[in-house]
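# Understanding the architecture of this molecule
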Amino acid sequence: MEILNLLGTIVKMGAVLAVMLGLIHMLGRKAVWRKALGIALAFGVVQLAITLHFGDFQLFGDFDQGLLFQAVTMAMVALGLNLIYGFNGQFSLAQWGFYGIGAYCAADITFRWTNGDPRGLLVVGLGTILAGLAILGVRRAVGRIRGIPVLSAFTLYLLATVAAAAAAVVLGGLLAPSLAPLLGTASAPGLLNGALPRQAVFFLSVVFAGVFAAEVSFLFGLPVLTLGSDYFGIATLGFAMVVKTLMVNSDTILPFPEMKGGRGMIGIPHFTTWAWAFFFLLASIVIMRNLVHSSTGRAVLSVREDETAARVMGINVADSKLLAFVVGSFMAGLGGGVYAHYIGFLSPGTFDFIAGFNPLIIVVFGGLGSMTGTVVASFGWIFFLEGFLRVLLGQLGTDAPTWRFVLYPITLLLLMLLKPEGLFGTKELGFLKAPRIVRRAAAEAAAPAGRKEE
Amino acid sequence: MDGNAEVRPILDIVELTKFFGGLCAVKGFSMALPAGALWGLIGPNGAGKTTVFNLITGVIPPSSGSIHLPEERIDGLEAHEITRLGIARTFQNIRLFSNLSVLDNVRIAYHAHADYGLSDSLLRTRRFLDKERELTEQALDFLAIFKLDAIAEETARNLPYGEQRRVEIARALACNPKVLLLDEPAAGMNPREIIQLMDLIHFIRDRFRLSIILIEHQMRVVMGICERITVMDFGEVIARGTPREIQNDARVVEAYLGKGMAGRVAG
């Protein structure tokens, strides 16, 4: 039976990986119906595996579903990190912090909402929108001033966002009493009460969490990204630690008693379904791919390749770095929101910076600068580490699964020795490949020109 | 060419000075580059030639002095702003985006012209697709001028040295500059490649109506193609003039060959 279980895990692992690769392949096809078919199939197969019951046997039990959702969120976080580290070359340890920020932010919105308090949604929603507008406004103003020092610009941005946040808190407080009866909450009647609105609230909470994380990353990245690469790494480590400390003290230093500080936040509604997880993962993949294969994406890549050369080619290096950092953090925030509503319980321990090395390992494992690699590595890694190894080692004794933390560094060592560029290097598959270059007179021109060269 | 010098210079450098701590790397460097000129900048190792390029392109800020384009004063601007105003350069040690394709190297230089927004690229709008195709076509046509279109999809790192040089020059020209700064383009080239390079430099000047400043150690190249030459030593300009004047300048010979030789060669 145990052997069967083990085999089953391997098969499921392979199947999920195949589904993801199939999705990437089908999305890469030209015809729209094929893309749609790919999406429908990838979604449907996994959904079936979750819903189908044969007596008390389920293809994807709770354990497997746990792996699946972990893998999805990890893929989102790691994709974001790959943009920052793999594509833009900025070594960042802050990704896990943004993941945590997103998780807590989204959880707070829905937690309050299910407990009859619409202020979470109102304040965070207004706050992210106002802060976003404030940042854009300041950006426009600062853009006119030539040669403004980074710290001065940063101060302006900071003041503007703090003002926007304060305005949101005041406005939210003022509006809440009047809007509460209208909007309603989970427990009170109103516009937002019901199955569909509940999904809308969840969707908004995750998006706001992503935007919130992105805004924090903008403010943090603006001054810090001007540091050289190694110093930036250290600064991001500091950031991850600050975030964790704030989480531990969220009910004392920060005014959020519902987060319960180090005891962990419980009672987060389990809103994440496979449909949502799949949707947000797909969105992240599409955003990444569309960004990377554009002029902006090439600018981001050029910064990784050679910063000085990029500057001299007319690339605004500071902007490029900031863009990659903000978009990467946005994905971490989304991932956090999805994770929080799957797991239903957030503890600061989850967001310890040591755990933050996981996405880093995945990105390196999959290949720096390969989106396909990151997706494959995220699924493979979680399923291998938390699934296969846990089941396999579970045979040997109750404490044996701890040994996986010895086995996985060894796997990493082996990979680095045998294939230092990671599983995929910078290769991409299907949908994630750079669009083919179609030339007007490609075929006839290429051959003779090739001869002439030499 | 000398007649043009009276007209407003395309690049006017006045008393450019750079200190690294107490070391004066460039001292009072002035140059009025006429439109269409091919100007050589020579001097022994460590004379400060590359520093001058770094100062002009904004890679490092000058300590004092000023740099003017006809419309605008450019010292103190960010490097990417200076590039967009029309100054492009190559590097002494080739600095291609080595893991990217030749085509992407050029398309990155077009980034400033990619006038679609982030939202266009994220949503893959019509505008994005059209502009992107246009940009790619343009880049390929451009590469064809340098006979590089056949290797457009090669990774830059895998190209032979001479081709990397050409890609770098093509990439710099893709920035659509008015002034091109070439930092030792002939370094590491064999005699045949050097002749090709000299042809190429003449060709691009005429074709793109550029002014070129050239740093070079190979005297054959400098004396062969430059109309005017500035000689630097220890951060200072020690001579300027036509190749013939420079060859007979006692201070130049001294800087290159040492004091003892000066009398013999000049005589």
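Only a predicted model underlies this, so the values are computations on that prediction, with no experimental measurement involved. (Residues numbered from 1 in each chain as written. Chains lettered and ligands numbered in written order. Predicted model: local features only at pLDDT ≥ 70, side-chain atom pairs only at ≥ 80, totals over all residues.)

### Comments concerning the overall build of chain A
- Of the regular secondary structure elements, chain A holds 16 helices and 4 strands.
- Viewed in the frame of its principal axes, chain A has a C-alpha envelope of about 75 × 70 × 45 Å.
- The buried share of chain A, taken over its 454 residues, is 45%.
- A fraction of 78% describes how many contacts in chain A between residues 6 or more apart in sequence connect residues 24 or more apart. (Helix = DSSP H or I, 4+ residues; strand = E, 2+ residues; numbered from the N terminus. Buried ≥ 20, exposed ≤ 12 C-beta atoms within 10 Å, placed from the backbone. Contact = placed C-beta atoms within 7 Å.)

### Thoughts on the sheet that holds strand β4 (residues 64-68) of chain B
Residue and element names in this part refer to chain B.
- An order of β2-β1-β4 is seen for the 3 strands of this open sheet, with the pairing classed as antiparallel. Both edges of this open sheet fall to β2 (23-33) and β4, since each of them pairs with a single strand only. Sheet twist, expressed as the average angle between the axes of neighbouring strands with direction ignored, equals 15°.
- Here strand β1 (residues 11-20) runs beside β4; their pairing, made up of 4 bridges, is antiparallel. Paired with Asp12 across the bridge in β4 is His68. (Pairing = 2+ DSSP bridges. Axes fitted to C-alpha atoms, helices over the stretch in contact; angles between N-to-C directions.)

### A look at the interface of chain A and chain B
- If you look at the interface, chain A gives 30 residues, while chain B gives 36 residues.
- Top contributing element to the side of chain A that touches chain B by residue count: helix α10 (residues 295-305) of chain A, with 7 residues.
- Counted by class, the side of chain A that touches chain B contains 11 nonpolar, 11 polar and 8 charged residues. (Nonpolar A, V, L, I, M, F, W, Y, C, P; charged D, E, K, R; others polar.)

### Looking at the pairing of strand β9 (residues 236-241) of chain B
- Note that strand β8 (residues 228-233) of chain B and β9 of chain B share 5 bridges and pair antiparallel. Bridge pairing in β9 of chain B places Thr230 of chain B opposite Arg240 of chain B.

### Regarding the sheet that holds strand β5 (residues 87-89) of chain B
Residue and element names in this part refer to chain B.
- Strands sit in the order β5-β6-β7-β3-β8-β9 across an open sheet of 6 strands; the sheet is mixed. Looking along the sheet, the strands with just one partner apiece sit at the ends: β5 and β9. Across the sheet, the mean angle from the axis of one strand to that of its neighbour is 20°, orientation sign disregarded.
- Relative to β8, strand β3 (residues 38-42) runs parallel, the two being bridged by 4 bridges. Residue Ile42 lies in a different strand from β8, and its bridge partner there is Val231.

### A closer look at the domain arrangement of chain B
- The domain architecture assigned to chain B consists of domain 1 (3-86 + 177-266) and domain 2 (96-160).
- Each of domain 1 of chain B and domain 2 of chain B has a C-alpha centre, and the two are 30 Å apart. (Domains from an automatic or database assignment.)

### Details of unusual backbone geometry
Residues and elements named next belong to chain B.
- The phi torsion at Asn176 lies on the positive side, around 60°, for a residue other than glycine.
- Within the secondary structure, Asn176 is located in the loop between α6 (161-174) and β6 (179-183).
- With a phi angle near 45°, Glu184 is a residue other than glycine that sits in the positive phi range.
- Here Glu184 is to be found in the loop between β6 and α7 (191-208).

### Re the confidence of the model for chain B
- Within chain B, residue pLDDT values average 88, and 94% of them lie at 70 or more.
- Counting contacts from residues 1-5 of chain B, a segment whose pLDDT is below 50, to residues more than four positions away or on other chains yields 8 contacts. (pLDDT = per-residue confidence, 0-100.)

### A closer look at helix α8 (residues 229-248) of chain A
Residues and elements named next belong to chain A.
- The first and last C-alpha atoms of α8 sit 29 Å apart over 20 residues, in line with the 28 Å expected at 1.5 Å per residue.
- Phe232, Thr236, Phe239, Ala240, Val243, Lys244 and Met247 are the residues of α8 that are buried. Down the axis of α8, the buried set is contained in an arc of 130°. They therefore lie on one face. When the buried face of α8 is taken as reference, the exposed residues oriented beyond 90 degrees from it are Asp230, Tyr231 and Thr245.
- Those residues of α8 hidden inside the fold are in contact with α4 (95-114) and α7 (195-224). (Expected span 1.5 Å × (residues − 1). Arc of directions from axis to C-beta.)

### Overview of the environment of Gly22 of chain B
- With respect to the element layout, Gly22 of chain B can be found in the loop between β1 and β2.
- Between the alpha carbons of Gly22 of chain B and Leu182 of chain B there is a distance of 28 Å; along the sequence they are 160 residues apart.

### Quick word on the environment of Leu77 of chain B
Residue and element names in this part refer to chain B.
- Along the chain, Leu77 falls in the loop between β4 and α2 (79-85).
- Between the C-alpha atoms of Leu77 and His217, which are 140 residues apart in sequence, the distance is 30 Å.
- The contacts of Leu77, once residues within four sequence positions are left out, are Gly58 and Ile82.

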